[in-house]
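# Report on the structure
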Amino acid sequence: MANTPKKEPEQSGVLQDTPTPAAAQHGDHDRIVMASRRADGTMDQNNPEFIGDKDTAIAAAKVQLGQQAASAVDVAARGVSSTPQGEGASEPDAQVQALKDAQDQAVQTAENRAVREVEQLHQGLGD
């Protein structure tokens, strides 16, 4: 009895063993509920598309960008010193108040950016 060799399936080109950066730029994208962020605040996804509840995505982006913006203000003003608890005047220090005002402004700007991003990239509930 003769043995017929088993035929291996032909390569159709549909599956890709090793993704390439070029493949990711041609239609591939990330479907996200909450963005991962780089240090500069930009999204770290490939052509992101927000899915899920829009209000939840906006709230998450506001918190995320707001905290990152406030942290950036702190980093920029690391020279600000504070007195140990229980010492000093009860009036807020002018430098600390200026820092707080800058943080509040940065948070507001970041929250506005978060709303714009989600509004622009939201694609519904993924149905």
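For the structure itself, consult the block above.
Residues numbered from 1 in each chain as written. Predicted model: local features only at pLDDT ≥ 70, side-chain atom pairs only at ≥ 80, totals over all residues. Heavy atoms only, no water.

### Observations concerning the environment of asparagine 47
For clarity, the cut-off: A run of H or I in DSSP becomes a helix once it reaches four residues, and a run of E becomes a strand once it reaches two; helices and strands are each numbered from the N terminus. Any pair of residues with heavy atoms lying within 4.5 Å of one another is described as a contacting pair.
Tracing the backbone shows asparagine 47 in the loop between β1 (31–32) and β2 (49–50). Note: C-alpha distance between asparagine 47 and arginine 31 (16 residues apart in sequence) is 8.7 Å. For asparagine 47, the residues in contact, after removing those within four places along its chain, are Asp28, His29 and Asp30.

### Quick word on the environment of alanine 57
The residue alanine 57 is located in helix α2 (residues 54–76) in this model. Measuring from C-alpha to C-alpha, the distance between alanine 57 and glutamate 117 comes to 9.8 Å, with 60 residues separating the pair along the chain.

### So, the pattern of salt bridges
Going by this rule: Here a salt bridge means any side-chain nitrogen of Lys or Arg lying within 4 Å of a carboxyl oxygen belonging to Asp or Glu. Each residue gets one of three labels from its accessible area relative to the maximum for its type: buried under 20%, exposed over 50%, partly exposed in between, using a 1.4 Å probe on protein chains only.
What the rule picks out here adds up to six salt bridges. A salt bridge links aspartate 44 to arginine 38; its shortest N-O distance comes to 3.3 Å. Accessibility expressed as a relative area gives 43% for aspartate 44, which makes it partly exposed. For the salt bridge of glutamate 119 with lysine 54, the shortest nitrogen-to-oxygen distance reads 2.7 Å. Pair noted here: glutamate 119 is in helix α3 (residues 94–121) and lysine 54 is in helix α2, with a separation of 65 residues, a long-range link. With relative accessibility at 28%, the residue lysine 54 sits in the partly exposed group. Look at the salt bridges and you will find they share partners, linking Arg37, Arg113 and Glu117 into a network.

Don't take any of this as a statement about function, it's just geometry.
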